Amino acid sequence: MASMNKIELLSPAGSKEAFIAAIEAGTDAVYCGLQNFSARSKAQNFSSYDFYNYTAYAHKKNVKVYAAFNTLLQENEIHAAVKQLNFLSQSGVDALIVQDLGIANIVKKYFPNLKLHASTQLSIHNSYGVFEAQKAGFKRVVLSRELSFQEIKSIAKNTDIELEIFGHGALCFSVSGLCLMSSFIGGCSGNRGKCTQPCRRKWEISNKNGFYLSPKDFDLSGHIKELKESGITSLKIEGRMKNPQYVYNTVKAYKTLINSCDDNLCKDAKELLKQDLARTKTTFNFIRKSEDIFTPEMPKQIGLYLGKIISVNNNTITLDTDTSLNIGDELKIADALKDISYKAQILNIKNVSGKYELEINSSLVKKGMLVFKTSDIKIAKIIEYIFTKTAISKQKFTIKDKSLALPVFKSNKTLEELFLKIDDPNWLAYIKDKNIYPVFVLNKENIKNTDLFKRFNYFELPAYIEEFDLQEFQKAVDTIAMHDKNKFFINNLSHFHFFKNNKISLYAGSFIYTLNSFSVDFLFSKGIKNFTFSLEDDLKNITILAKKNLYSNSIFYISGFPVLAVSLMTPHKDLIQNKQFIINSSRDSFQVINKNGKIYITTQFPVMLFNKLNTLKKLKINKFIIDLSFIKPNKIYLDFILDAYKKQYLLQNDVEFNFERGLK
């Protein structure tokens, strides 16, 4: 059982000031990124020189440092990544937080002194995933934020590895690691630290406008007792994009709550958390599934909500709020209707008849706008003083270069193959060509229907399988394994564990990301027969991989409505009136599907790359998937799609994802 008497408090450090603030507030460990390969590329992050010296300072204070190296890498980034890993291996860092299985592969082979933590971006959400992460060389797993107390406790009971969970901070609408929305919109991949946060936008649904995909912030401060009972090793605060005040307040509060039983101290800590200057709070799924995780009328702004502007007179606004305010405090003032906001600073304060009259340095605000406090001048001065008095040594260091051998692959001559991915068995009535291979998507609704299994040779496991559903899926896999013809597409590291006792042909699906040869090498070492090129990958990188003799073991997603996000959040009532509908922003449109207790975001129009088939075949790629998931069985549609595939049509309203545009 993975448990410790004392829970480690792990704090974000997106800047030098936040790093020092976390240590001063009493953290046990900090996590931060260098200037490349960090999932928070917009944070200030650290140069190698600063990282080395700040790590040394932290160690003098008995504070551990974990480096966030948690993005997916394309093949041409491997050299730079190895150079950075080489530095980290000699920097004194206590652990490396990793998403890319290729990077984990490199670290295990070439930098064994680096301790690996599995990033939440790896979407590990059940005990099977923890088992497989441990086999892959990880010493700690950062579990998905979707888990309940009972699920976490079950995972801890059944495994013997360090477990870390997020306990406070921002939530993603999608399960971390399963979101491609930002990448689809403009090539800015959340898996590569470039997320443009489309979930925080205003969206229109059935003529209603609101922030329907923007959840409240996570807060488990009221459940410290349960956290101590859960068996976790580390409690993590989210916030590498937050300011040092947020870090200082939250760390100080959680440190008190974890270590103290004094009622007055705990009361003070919870009051301090009210000043974290972030969004309103939710416990998400931890105790019970939250039914009000979205407030569509509340804009995306981070900050402590103060109220609406009652009146405006030149640069003075009137506000009714119980929150104490000071000259120098920073505000964000939002127009929820237009989804725009303005920064402002308080220049002067008057208290008139119990209401604040605030002189601010902005003339753009209007009556009715929403006001949020984003910075407290008193705390800011404390942080500034702490940072100014902190002496960081400036040691120079030299790092010897390290080279590594790239994986070598053998190619085989293969025939062209076409897979049809389906989630409705009624498609089989229209599939007459014996050279087309239907792949049946398993889910909670169909895994007990064993009669269906006899009709297929290929199956696919969903990317997210809850802890308490593992045994039902295991039974289904074991039943299928009794047949002579059984082949599985898998979509999560946990899925390998289903097949520990079965000889089954395994294929890596689109949610097991393969942007570099080391990730493919890892999959091959686990018995994968063929891998699917990542949906967000581009032609340049695909070409590089194909030319490494990987073409014969690759599959290309050529058409379909790909899943761009998977969410376990209870949707707002405006989203659950229909099982399938369209959401629109001022720039983009997506399809929303409520199915199997989850929300799926897919493209509105199909991804179709039939006109790129010649390009792909010149690279000797000859295995393709047409995805018919979320489409009602329709012979006319199937005939049309297969004809377009054979004749390589360029169809109206096609989208190409990042194929030509490129992945950032």
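None of the values given here were measured: they were computed from a predicted structure. (Residues numbered from 1 in each chain as written. Predicted model: local features only at pLDDT ≥ 70, side-chain atom pairs only at ≥ 80, totals over all residues. Heavy atoms only, no water.)

A. Fine view of empty space enclosed by the protein. Tallied over the full model, the rule gives six cavities of 30 Å³ or more. In this structure, the largest cavity encloses a volume near 410 Å³. Together, 30 residues line the largest cavity, and Val441, Pro462, Val563, Tyr600 and Phe630 are the ones closest to its centre. Secondary structure elements with two or more residues in the lining of the largest cavity: strand S27 (563–567) and strand S30 (598–603). Here the residues of the lining of the largest cavity are counted per class, giving 17 nonpolar, five polar and eight charged. In this structure, the second largest cavity spans a volume of roughly 150 Å³. Leu101, Leu122, Phe511, Ile512 and Tyr513 are the residues nearest the centre of the second largest cavity, which is lined by 15 residues in total. In the lining of the second largest cavity, the residues fall into eight nonpolar, six polar and one charged. (1 Å grid on protein atoms, 1.4 Å probe; cavity = no way out; pocket = protein on both sides within 12 Å on 5 of 7 lines; lining within 4 Å. Points joined across faces, edges and corners; volume = space filled by probe spheres on them. Helix = DSSP H or I, 4+ residues; strand = E, 2+ residues; numbered from the N terminus. Nonpolar A, V, L, I, M, F, W, Y, C, P; charged D, E, K, R; others polar.)

B. Representation of helix H1 (residues 16–25) within the structure. In terms of burial, H1 is largely enclosed, as seven of its 10 residues are buried. Taken together, the buried positions of H1 are occupied by Ala18, Phe19, Ile20, Ala21, Ala22, Ile23 and Ala25. Each element contacted by the buried residues of H1 is listed here: strand S1 (8–12), strand S2 (29–32), helix H2 (48–60), strand S3 (64–69), helix H9 (244–259) and helix H11 (377–389). Following H1 by one or two positions, glycine 26 adopts a phi angle in the positive range, close to 105°. (Buried < 20%, exposed > 50% of the residue type's maximum accessible area, 1.4 Å probe, protein only. Contact = heavy atoms within 4.5 Å.)

C. Region of the structure containing the state of the cysteines. Going through the model one piece at a time under the given rule, you end up with zero disulfides. Of the cysteine sulfurs around cysteine 32, a residue in no disulfide, the closest is that of cysteine 172, at 20 Å. With no disulfide partner, cysteine 179 has as its closest neighbouring cysteine sulfur the one in cysteine 195, 6.1 Å distant. Judged by relative accessible area, which is 26%, cysteine 179 ranks as partly exposed. (Disulfide = S-S within 2.5 Å.)

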